[in-house]
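# Analysis of the macromolecular model
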Amino acid sequence: MNDKPLETELLGVTLKNPVIAASGTFGFGREYAELFDVSRLGGICGKGLTLDGSAGNRGVRVTETPAGMLNSIGLENPGVARFVAEEAPFMRSLGCAVIANLGGHSVSDYIEGARLLNDADIDILELNISCPNVRAGSMAFGLSPGSAADVTRRVKEVARHPLMVKLTPNAPDPVEVALACEQAGADALSLVNTFLGMAIDVDKKRPVFDNVYAGLSGPAVMPLALRIVHQAAKRVKIPVVGMGGISCARDALCFLMAGARAVQVGSMNFANPRAMLDIIDGLARYCEENHLENIREIRGIV
Amino acid sequence: MAVIVQNTEIAGGIYRMWLAHAPQGNAGQFIMLRIPGALDPFLGRPISLFDSAGDELTLLYQVKGRGTAAFAGLPAGAPAEVQGPYGNGFPLVPGDAVVIGGGIGAAPLHLLVKQLRAAEPNRRVEVHLGFRGEAYAIEAFRAYADSVRVDIGGVVTDGVDFAQTAAYYACGPSPMLRAAAKAAGETGARLYVSLEKHMACGVGACLGCTCQTANGRKRVCRDGPVFDFREVADER
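Residues numbered from 1 in each chain as written. Chains lettered and ligands numbered in written order. Predicted model: local features only at pLDDT ≥ 70, side-chain atom pairs only at ≥ 80, totals over all residues. Heavy atoms only, no water.

## A short note on the overall build of chain A
Spelled out, the test is: Helix and strand assignments follow DSSP, with helices taken as H or I runs no shorter than four residues and strands as E runs no shorter than two, numbered in order from the N terminus. Just to be clear, the radius of gyration here is over C-alpha atoms, and the globule rule we use is 2.2 Å times residues to the power 0.38. Only protein chains enter the accessibility calculation, which uses a 1.4 Å probe; a residue whose area is less than 20% of its type maximum is buried, one above 50% is exposed, and one in between is partly exposed. Residue contacts are defined here by distance: any two heavy atoms, one from each residue, within 4.5 Å place the two residues in contact. As used throughout, the charge tally considers Lys and Arg to be positive and Asp and Glu to be negative, leaving His and the chain termini uncounted. Positions of charges follow a simple convention, taking NZ of Lys, CZ of Arg, CG of Asp or CD of Glu.
Within chain A, the regular secondary structure consists of 10 helices and 16 strands. Computed over the C-alpha atoms, the radius of gyration of chain A is 18 Å, within 12% of the 19 Å expected from 2.2 N^0.38 for a compact globule of 302 residues. Seen through its C-alpha atoms, chain A measures out along the principal axes to roughly 55 × 45 × 40 Å. Residues classed as buried in chain A amount to 63% of the 302 residues present. At a minimum sequence separation of 6, the contacts of chain A that also span at least 24 residues come to 71%. Averaged over its 29 positive side-chain charges, chain A has a centre that lies 3 Å from the centre of its 33 negative ones.

## Let's talk about the confidence of the model for chain B
We apply this condition: A residue's pLDDT is the predictor's confidence in that residue, given on a scale from 0 to 100.
Taken as a whole, chain B shows an average pLDDT of 95; of its residues, 99% reach a score of 70 or greater. Across the interfaces of the predicted complex, the ipTM metric reaches 0.92, alongside a pTM of 0.94.

## Focus on the sheet that holds strand 11 (residues 195-198) of chain A
All names here are of chain A. Cut-off, in case you're wondering: At least two bridges found by DSSP between two strands are what make those strands a pair. Simply put, an axis is a line fit to the C-alpha atoms, just over the touching stretch for a helix, and the angle between two N-to-C directions goes from 0 to 180 degrees.
Ordered by their spatial adjacency, 4 strands build an open sheet running 5-6-14-11, and the pairing between neighbours is antiparallel. This sheet does not close on itself; its edge strands, each paired only once, are strand 5 (62-65) and strand 11. Pairwise comparison of adjacent strand axes, ignoring direction, gives a mean angle of 40 degrees for this sheet.

## So, unusual backbone geometry
Following Leu191(A), the chain continues into Val192(A) via a peptide bond in cis, with omega recorded as 10 degrees. The peptide bond linking Gly224(B) to Pro225(B) adopts the cis configuration, its omega dihedral lying at 10 degrees. Tracing the backbone through its elements, the reader meets Pro225(B) in the loop between strand 14 (216-219) and strand 15 (226-228). At Leu75(A), a residue that is not glycine, the phi angle is positive and equals roughly 55 degrees. Assignment of secondary structure puts Leu75(A) in the loop between strand 6 (68-71) and helix 2 (80-92). Residue classification places Leu75(A) among the buried positions, given a relative accessible area of 6%. Phi angles above zero are rare outside glycine, and Ala137(B) is one such case at about 65 degrees. Looking at the secondary structure, you find Ala137(B) in the loop between strand 9 (125-131) and helix 3 (138-142).

## Re the nonpolar core
For soluble globular proteins, the rule of thumb is that nonpolar side chains tend to be buried together. Put simply, the rule is: We call a set of buried residues a nonpolar core when its members are Ala, Val, Leu, Ile, Met, Phe, Trp, Tyr or Cys and they connect through side-chain atoms within 4.5 Å of each other. Residue ranges assigned to each domain were obtained from an automatic or database domain assignment.
Counting residues in each nonpolar core, the largest one holds 123 residues, and the members touching the most others are Leu41(A), Phe83(A), Leu117(A), Ile129(A) and Leu189(A). With 8 residues, helix 10 (residues 275-289) of chain A is the single largest residue contributor to this core. Residue assignment places this core across two domains, with domain 1 (2-86) and domain 2 (97-194) of chain B each supplying three or more.

## A look at the pattern of salt bridges
Selection criterion: For this document, the term salt bridge refers to a Lys or Arg side-chain nitrogen within 4 Å of an Asp or Glu carboxyl oxygen.
Applying the stated criterion across every chain yields a total of 26 salt bridges over all chains. Ionic pairing is found between Glu126(B) and Arg124(B), a salt bridge with its closest N-O pair at 3.8 Å. By relative accessible area, which is 10% here, Glu126(B) ends up buried. Classification of Arg124(B) by relative accessible area gives partly exposed; the value is 38%. One salt bridge connects Asp223(B) with Arg219(B), and the closest N-O pair in it is separated by 3.5 Å. You can call Asp223(B) partly exposed: its relative accessible area is 30%. Taken together, the shared-partner salt bridges connect Glu64(A), Asp40(B), Arg45(B) and Arg66(B) into one network.

Written out as structure tokens, the structure reads:
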């Protein structure tokens, strides 16, 4: 029997297991490191960065929905330079793979951010072209194959770290965007970011969020996300990291069977800070019960 | 896992939940309360501590939406997931204290009054509680306070003398906090306010509850929920 049934290789990095904390749900690991042993995780994607940092959106930022939540945080972050100096070294000390998530308002923002991140001790650069909550840029780049390929190519030219492009489910055809990013040089893809949604305050007769629309996540979106990951994973040859509403080990198994090499867990961390540990334990149990040498044996079998 | 000992409606839409096997906390802190394993309602709800003694917690909560409505239906004996306590809590400033609560904002002030009394038995603790309609939990305050003034349907801060040598503490709806801040600004009183925001995680990771302060952006859940009112002048 393999003593490391969950060990997973991703872009030259050996993950202890295929369970990664999704960007925007785990800060830079500081808060959750006080609550549990985060070195047990496969990796952590840091909060989405923008070149100069941001105070994020005004007004209500989170609201619950049936089996999920809408968020309109708007990439509140300390900026790339402070991440490189203060947060990346801390993340490295946590003992799991370190992934930096980079957003941007323009192609030049992305290029400059990626250049600065070359100096950071990180394992993977996740290019965020899918955040729905900032007025300029970000998701706009991920909606069409052409603009997604362009920013991917330009960042790939300057980035020293392996490049994983995080895709939006809101593109008319996410699979076309996935193929375009692959052709443009992406080393891996992560999908899906949040679904564009809306909430209205009936008593006040106005949108709940100042930005009107917001990103939907949580268990409610899981089947929608799974469909897109399944379709994309069947078409591209580069590794796919699947996410969207994962709340338990069986959900994670669904994404792996659909073709994902690893998974990211997001909103569920808010509901239950120990959810990822339960998922890791559940995956290990599954391998044992099904006599798997390694979890990769089920990858893409559906 | 915490267990519900009692969960009863004490006034219209106001519930008191008594939990055993719960963590201990300080006044002004909160827990994230969740129905174990539930995906809908999905997130925990931040609920302040009405009382904390050993491994028993008492909460006072108002049914506002789907989450709190689900709590109201939980029977005695049911398990409850308690995360925390989180947040900074009220500072226990030496000397006399004036405590001002509006509606369900009274909840964390009860544990505050109890802890103020325990820390300094001879201090004067004056309590002012405002309610829109029915008053509740008054007797619990009387057990520890020197005076409890109850205002129904008025402006509770109108009856507070902000010119005393005392620390002031306030928790309640925004208009009440604004009025307290205005009065304290005029007299130079020391005032601590407990803020409320929508939260997803309660630990400082999601940034759903950050607010603008004189010292940059802060997270209500982790850097607060208690702030010196001067620091959060833009938020109320």
